[in-house]
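Examining the three-dimensional arrangement
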Amino acid sequence: MAQNRYDFLEIAGWAGPIAEEKEAPGAPFAPPAPEKEKVRPTGRRAFNPVEVIGEFGVGVGEFNRPLGITVDISGTLYVADAQNHRIQRITPEGEVDTLGSRGTEPGRLMQPGGVAVDISGCIYVVDQGNHRWQKFGPSAKLVFTLGTRGSNVMQLNSPTDITIDQQHNIFIADTGNNRIMSFTGQGKYRGQLVNAQPGEPFNRPMGVQVGPDGKLAVADTWNHRVVVFDVKGRPLLCLGSQGREIGEMNQPVGVVFDLDGGLIVSEMGNNRLQKFSSLGIPVTAWSGEHTPVGPLTAPGPLALTKEGDLYLADTGNHRIVRFEMW
């Protein structure tokens, strides 16, 4: 990876929570502490954008339709920069380096759709245009390449997202095959999910995320819903139906568990984010309208830091937006 430097664009002037806001039951409002000791209350309800990263382009720190993001334990951000056919890695200090270039050979990428990083620093990429996934070591050296286009258990069809659990098991949104695939970190097939609920197959699922308790959330994109499964693959919760009202969805793409056990969902069709409680109750929505950030356009995958900050791949605007959740 070649070393480069990239400066973030900080958004100034955003207010924190105010006392009049209602907190979740049992979570009384606590005013923000001094900056170095900032403590956020539980029952986070508000999207507070604080940083915009990148713009359209081919240079380092620029993006062309970012389709996947993740954050490692050190706070380093990884972006699947799809149309630039590379992964960009951005440290909290603003150092940027890149992995990959356009091609079909092992180690090269074609429209990468998702990225995940394990605790040892290994990087896992779903190589959407090549219908495969690849594993790289912490130094970006290729470990293995798996998959060809098809529908058997070791094949994929336009995969779009990837996540990893605490046991190093991999889950891939195999979008073109309407299923979620699971492998070990060494590439051994574990199983697959094909139904959102019994008798209700997925329809082009584009987002998948594992929570800290092992639950699995799937953005069942063209069924306009998000489904949560337990560790044994049994459906626990189904959120949404097609529409524009709060609690409804239009082409959900990104999904992530927040620190309160709830879900945050990005909707490509409605150009917004929604926050749901751990019980699946809609809490709030945010589109960027009438804010300095501006409207979201085809928002995509999401990632959460250990502190609870949210990163969004604002795909149509070729940028990443960071939120503090209040």
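What this report covers is the structure whose coordinates are included nearby. (Residues numbered from 1 in each chain as written. Predicted model: local features only at pLDDT ≥ 70, side-chain atom pairs only at ≥ 80, totals over all residues. Heavy atoms only, no water.)

**Remarks on unusual backbone geometry**
This is how the line gets drawn: Helix numbers and strand numbers start at the N terminus; a helix is a DSSP run of H or I with at least 4 residues, a strand a run of E with at least 2. Exposure classes here rest on a 1.4 Å probe applied to the protein chains alone. A residue is buried below 20% of its type maximum, exposed above 50%, and partly exposed in between.
Not every positive phi belongs to a glycine, and Arg65 is a case in point at roughly 60 degrees. On the secondary structure map, Arg65 appears in the loop between strand E3 (47–53) and strand E4 (66–71). On the accessibility criterion, Arg65 (33% relative accessible area) is partly exposed.

**What to know about the sheet that holds strand E15 (residues 189–193)**
The condition is simple: In short, DSSP must find at least two bridges between two strands for them to pair. Structural elements are reduced to axes, namely lines fitted to C-alpha atoms, with helices fitted over the stretch in contact, and the angle between N-to-C directions of any two is expressed from 0 to 180 degrees.
Pairing within the open sheet is antiparallel, and its four strands lie in the order E12-E13-E14-E15. Each edge of the open sheet is held by one strand with a lone partner, namely strand E12 (161–164) and E15. Averaged over neighbouring strand pairs, the angle between their axes works out to 20 degrees when direction is ignored. Of the strand pairs in this sheet, strand E14 (residues 179–183) and E15 are connected by four bridges, and their pairing is antiparallel. Note on E15: the bridge partner recorded for Ser182 is Gly191.

**What to know about the nonpolar core**
For clarity, the threshold we go by: We define the nonpolar core as a collection of buried residues of types Ala, Val, Leu, Ile, Met, Phe, Trp, Tyr and Cys that are connected through side-chain atoms lying within 4.5 Å of one another. We call two residues in contact when some of their heavy atoms are within 4.5 Å.
Grouped together as the largest cluster of nonpolar side chains are 14 residues, with contacts concentrated most on Phe47, Ile264, Leu273, Trp286, Leu302, Leu310 and Phe323. Among the elements that line this core, the one with the most residues is strand E28 (residues 319–325), at three residues. Residues contacting Phe47, with those up to four places away along its chain left out, are Ile264, Leu273, Gln274, Lys275, Thr284, Trp286, Leu310, Phe323, Glu324 and Met325. In terms of nonpolar packing, the next biggest core, distinct from the first, is built from 13 residues, Tyr124, Ile170, Met181 and Phe183 among them.

**Quick notes on the layout of surface pockets**
Put simply, the rule reads: The definitions used throughout rest on a 1 Å grid laid over the protein atoms alone, on which a cavity is an enclosed set of points accommodating a 1.4 Å probe that cannot get out and a pocket is an open set flanked by protein within 12 Å on both sides along at least five of seven lines; lining residues are those having an atom within 4 Å of a point. Grid points are joined across faces, edges and corners, and a volume is the space filled by probe spheres set on the points. Gly falls in the polar group here, along with every residue not listed as nonpolar (Ala, Val, Leu, Ile, Met, Phe, Trp, Tyr, Cys, Pro) or charged (Asp, Glu, Lys, Arg).
As a volume, the largest pocket reaches approximately 910 Å³. What lines the largest pocket is a set of 38 residues, among which Val71, Ile164, Gln209, Val210 and Leu304 lie closest to the centre. Taken together, the elements giving at least two residues each to the lining of the largest pocket come down to E4, strand E8 (112–117), E12, strand E18 (207–210), strand E22 (252–257) and strand E26 (299–304). Of the voids in this model, the second largest pocket is the one considered here, and its volume is about 360 Å³. Along its surface, the second largest pocket is lined by 23 residues, and Asp165, Phe171, Arg190, Gly214 and Val231 are the ones closest to its centre. Elements that contribute at least two residues to the lining of the second largest pocket include exactly E14 and E15. Counting residues per element, the lining of the second largest pocket draws most heavily on E15, at four residues. Among the residues forming the lining of the second largest pocket, the class breakdown is nine nonpolar, nine polar and five charged.

**Examining the side chain of Arg132**
As a reminder of what qualifies: Two N or O atoms form a polar contact when they lie within 3.5 Å of each other; inside protein one atom must be a possible hydrogen donor and the other a possible acceptor, and for residues adjacent in sequence the pair counts only when both atoms belong to side chains.
With respect to the helices, strands and loops of the structure, Arg132 is situated in strand E10 (residues 132–136). In this structure the side chain of Arg132 is engaged in a polar contact, spanning 2.9 Å, whose partner is the backbone oxygen of Glu105. For Arg132, the side chain forms a polar contact with the side chain of Asp127, separated by 2.7 Å.

**A short note on the environment of Glu105**
Relative to the assigned elements, Glu105 resides in the loop between strand E7 (95–99) and E8. The sequence separation of Glu105 and Asn130 amounts to 25 residues, and the corresponding C-alpha distance is 9.3 Å.

**Brief notes about the environment of Arg234**
Summarising the element assignment, Arg234 is placed in the loop between strand E20 (225–229) and strand E21 (235–239). Given the relative accessible area of 48%, Arg234 is considered partly exposed. Setting aside anything within four residues of it in sequence, one finds Arg234 in contact with Val228 and Phe229. Here the side chain of Arg234 touches Asp230 through a polar contact of 2.7 Å, side chain to side chain.

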